[in-house]
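Commentary on secondary and tertiary structure
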Amino acid sequence: MTPSYSLGAFDPPSLSITSVTANVSNQMVGWNPTPRTVSGRVGHLDTGEGLNGIVMTFSDGVGVETSGDGQYSRTLYHGWSGSVIPSTISGGVLAPISLNFTLTEDRTGQDFVWRPNRTISGMVRHEDTLVGVAGVTVAYAPGGSVTTDGEGVYNFVVGHGWS
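As the structure is a prediction and not an experimental result, all values here were calculated from the model.

What counts, and where the lines are drawn
Residues numbered from 1 in each chain as written. Predicted model: local features only at pLDDT ≥ 70, side-chain atom pairs only at ≥ 80, totals over all residues. Heavy atoms only, no water. Helix = DSSP H or I, 4+ residues; strand = E, 2+ residues; numbered from the N terminus. Rg over C-alpha atoms; globule rule 2.2 N^0.38 Å. Buried < 20%, exposed > 50% of the residue type's maximum accessible area, 1.4 Å probe, protein only. Contact = heavy atoms within 4.5 Å. Core = buried A, V, L, I, M, F, W, Y, C linked by side-chain atoms within 4.5 Å. Patch = residues over 30% accessible without salt bridge, like charges linked within 9 Å, V, L, I, M, F, W, Y side chains within 5 Å. Areas by Shrake-Rupley, 256 points an atom, 1.4 Å probe, with all protein chains shown as cover. Salt bridge = Lys/Arg side-chain N within 4 Å of Asp/Glu carboxyl O. pLDDT = per-residue confidence, 0-100. Pairing = 2+ DSSP bridges. Axes fitted to C-alpha atoms, helices over the stretch in contact; angles between N-to-C directions.

Quick notes on the overall build of the chain
Scanning the chain from terminus to terminus reveals zero helices and 14 strands. Starting at the N terminus, the α and β elements of the chain follow one another as β-β-β-β-β-β-β-β-β-β-β-β-β-β. Expected size for 163 residues packed as a compact globule is a radius of gyration near 15 Å; at 28 Å, the chain overshoots this value by more than 25%. The principal-axis extent of the C-alpha atoms belonging to the chain is close to 110 × 30 × 20 Å. Within the chain, the fraction of its 163 residues that count as buried is 27%. A fraction of 46% describes how many contacts in the chain between residues 6 or more apart in sequence connect residues 24 or more apart.

Here's what the structure looks like:
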């Protein structure tokens, strides 16, 4: 007896049954699904450089870390269904937030991009003398504010895409 199914392998690959004169039961064959790979890269939006050490956590709780060039890879099995979520990095956000899969084939090119925060800066100055004005509150939405320094300079950090 030799089972066949294109999406995996059997252990043992076949069973030898001979001289059957009665019912033969409990002839077990294990099926091992075809391994499938999820792989991709985590890169910096501005420079394109890969980010090292980002933990990519799969929905089964297993995490893999990106290499020096931002690559990650994990072998799962045909039919696996779940998601991968990158760890957070201070100073920006990773997009997309997660990727979902039902693996019927290898899934390469499952990339994430780190979008660094942006700084908005400027100066408040006296209109006639052009001297910076200290202590001015500069408000920005949603709900943030900064105060100009001794030279009238302000700056604040916002997320990528802020408006």
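Topic: the nonpolar core
One finds Met56, Phe58, Tyr72, Val84 and Phe112 to be the most contacted residues of the largest nonpolar core, which totals 17 residues. Those elements that provide at least two residues to this core are strand 3 (35-44), strand 4 (55-58), strand 6 (71-77), strand 9 (99-102) and strand 10 (112-116). Core analysis: the next-biggest nonpolar cluster, separate from the first, contains five residues, Val138, Val146, Tyr154 and Phe156 among them.

Section: unusual backbone geometry
Between Ala95 and the following residue, Pro96, the backbone shows a cis peptide bond with an omega angle of -5°. Within the element layout of this structure, Pro96 appears in the loop between strand 8 (92-95) and strand 9. Of the consecutive residues Ala141 and Pro142, the connecting peptide bond is found in the cis state with omega at 0°. Note that Pro142 resides in the loop between strand 12 (137-140) and strand 13 (144-147). With a phi close to 50°, Ser19 is a non-glycine residue in the positive phi region. Residue position: Ser19 is located in the loop between strand 1 (8-11) and strand 2 (30-33).

Description of a nonpolar patch on the surface
On the surface, Met1, Ile17, Val20 and Val24 cluster together into a nonpolar patch covering about 350 Å² of accessible area. Mapped onto the elements of the fold, Ile17 is located in the loop between strand 1 and strand 2.

Digging into the confidence of the model for the chain
On average, the chain scores 90 in pLDDT, and the residues at 70 or more come to 99%. When mean pLDDT is compared element by element in the chain, strand 4 scores highest at 97, while strand 1 scores lowest at 72.

Quick word on the sheet that holds strand 5 (residues 63-65)
The strand order 5-4-7-9 describes an open sheet built from four strands, whose pairing is antiparallel. Of all strands in the sheet, those with a lone pairing partner are strand 5 and strand 9, marking the two edges. Here the strands of the sheet are splayed against their neighbours by 25° on average, with no regard to which way each runs.

Let's talk about the pattern of salt bridges
Applying the stated criterion across every chain, the model contains two salt bridges. Of the charged contacts, one joins Asp46 and Arg118 as a salt bridge, the two residues approaching to 2.8 Å between their closest N and O atoms. With Asp46 in the loop between strand 3 and strand 4 and Arg118 in strand 11 (residues 118-123), this residue pair connects regions lying 72 residues apart in the sequence. A relative accessible area of 45% means that Asp46 is categorised as partly exposed. Given a relative accessible area of 29%, Arg118 falls into the partly exposed group. The salt bridge involving Arg74 is made with Asp60; its shortest N-O contact spans 2.8 Å. Taken together, the positions of Arg74 in strand 6 and Asp60 in the loop between strand 4 and strand 5 put the pair 14 residues apart, joining distant regions of the chain. A relative accessible area of 13% means that Arg74 is categorised as buried.

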